[in-house]
Amino acid sequence: MKKTLIKNAMLATMDPSTHDLTSGDILIVDDRIERIAPVIEADEAEIVDAAGMIASPGFVDTHRHVWQSLLRGVAVNWSLFEYMVEMRTMYPVCYQIEDAYLGNHYGALEAINAGVTTLVDHSHLQVSAEHSDALVKGLKDSGIRGIFGYGVYRNPRYTPGEAIDPSSVIAEIAGPIEKFHRDNAARVREEHFPSDDGLLRFGIASSEFFTFPSMEPVLEELAWSRTLEPARITFHAAIGINDDVNVIESLSNAGALGDDLLLSHGNCLTDDDLALIAREGGWLSTTPDTEFQMSGAFPVLERVVKSGRPPSLGVDIVSAFNGDMFTQMRLMLQAIRFRDNELTTPGGLPSSARFPAAKMLEYATLGGAACVGLENVIGSLTPGKKADVVLTRLDAVNTAALRDPVAALVFYANPNDVEYVWIDGVVRKRVGRLEGESWDSVQRRVQEARDGIDDRFAKIDGRAMRRAWEPVWGLAPGSSEPEARGAEKVRG
Ligand SMILES: [Zn+2]
């Protein structure tokens, strides 16, 4: 039996029954939280003095493309169009098998470093069976909890440098799932996820249904996905292109909505869609950074709350954004407040701000736990639940002289303030350093992988690929060139 006793912590338990307990001790025994009380004594326990730190449940990120960790920064100035051109038809062919492993391993370490203990990996880099194996192993080796969402996207399969017809590459990635994915996903399920008891569970990341001409292949793909009994079937929906607004209604008509569905974005869903989801099943992940950079509508989070379902947050593309949830909580909160202020009539500003910071922390922990089906397992510091615990320093240069510790956690903290992280009772970050990993070694491998990916990427004619995508988006020839940026609006 292994015991860890966290002493003198400020507490953000996110558990209504211990809401009044603002500081105290936490006893972890093996993989579970045993007790939370003002003072706990325990024999033979490792003592962690958490004076100056706040204990909170690990963050639950419900939408992230972990493999993109090796593409840090490439997407910071992209539109959704540019994302489709480069991330869907150029970068995947630049990843070798080792890159797939490292992308997911380093990406998961980045999450843990920031206090994210559970994530949904929407993994659309399944370009070969070996890549799939490496992607799973990368996550498993990190010790993170989560869902490996096997992406059934039809990825391009050319080699950088070979002469290709960009239009046929684009044509190739449209359409129903390939036999390769049906076989490979079933194999991955059997070999890597023989049971659903592990920290990492099997999931499916579906096609983008709005690219399908009818509901038939959508329903067929969902029915096939369900034969593999995934923890969640996750898919991008209604990000800001209005084509797929009828997907929810059609799924409902076909009796295909259910609590195994996890939709990311969903900004263009109607309140009727959200009511259908609340009634018949399904969950939403809002990714504020992406919604503001690339989508065409205000994030859906508040409307999900109104529909009666718990909402959740995600980081999405670590090729553009920091892999932490602090940023996403703040962005979402301030956007809601801005809109309140903007809409106030006549003329005046509201007398108080809605949505306290603690609410956003709830969505980033408990809300996420509900969305991945683990509300009774994680998401709050509750005796009996799994010990996914984060200690964040609130006595640093950027956080000292604080008043409200929960507000300070949401508004001032950053990943460097995360001092300790336990997942399933195992310490994964200790005194500010990732446990069991030599960062120097990971960092060196990450730089080498980045250089290799960049070398291969440089061999692809990006200009030709961009031109080939223009008609797909209803753009005039040449109008998407960087120098013409902003000259033409895309459809939607
Ligand atoms: Zn995404």
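Residues numbered from 1 in each chain as written. Predicted model: local features only at pLDDT ≥ 70, side-chain atom pairs only at ≥ 80, totals over all residues.

A. Region of interest: the pairing of strand β10 (residues 233-237). Across the five residues that make up β10, a large majority, five, are buried. Residues Ile-233, Phe-235 and Ala-237 point to one face of β10 and Thr-234 and His-236 to the other, with burial holding for every one of them. As judged from the two bridges shared by strand β9 (residues 200-205) and β10, these two strands associate in the parallel manner. Bridge pairing in β10 places Ala-205 opposite Thr-234. Inspection of the sheet shows β10 paired to strand β11 (residues 261-265) by five bridges, in the parallel sense. From the neighbouring strand, Thr-234 faces β11, where its bridge partner is Leu-262. (Buried ≥ 20, exposed ≤ 12 C-beta atoms within 10 Å, placed from the backbone. Helix = DSSP H or I, 4+ residues; strand = E, 2+ residues; numbered from the N terminus. Pairing = 2+ DSSP bridges.)

B. Focus on helix α1 (residues 80-89). All of the buried residues along α1 are Val-85, Glu-86, Met-87, Arg-88 and Thr-89. Residues of α1 that are buried in the fold lie against α4 (166-172) and α15 (462-469). (Contact = placed C-beta atoms within 7 Å.)

C. Representation of the sheet that holds β11. An order of β13-β12-β11-β10-β9-β8-β7-β6-β14 is seen for the nine strands of this open sheet, with the pairing classed as parallel. Unpaired on one side and paired on the other, β13 (312-313) and β14 (316-317) mark the two borders of the sheet. Across the sheet, helix α12 (residues 357-371) lies against β6 (59-65), β7 (116-123), β11, β12 (283-286) and β13, angled at about 65 degrees from β6, the strand it touches most. (Axes fitted to C-alpha atoms, helices over the stretch in contact; angles between N-to-C directions.)

D. Summary view of the domain arrangement of the protein. Split into domains, the protein comes out as domain 1 (3-57 + 380-434) and domain 2 (59-374). For domain 1 and domain 2, the distance between their C-alpha centres works out to 29 Å. Taken together, the contact between domain 1 and domain 2 spans 24 residues of the former and 22 residues of the latter. A per-element tally of the side of domain 1 that touches domain 2 places helix α13 (residues 405-411) first, with five residues. Of the residues in the side of domain 1 that touches domain 2, the class split is 16 nonpolar, four polar and four charged. (Domains from an automatic or database assignment. Nonpolar A, V, L, I, M, F, W, Y, C, P; charged D, E, K, R; others polar.)

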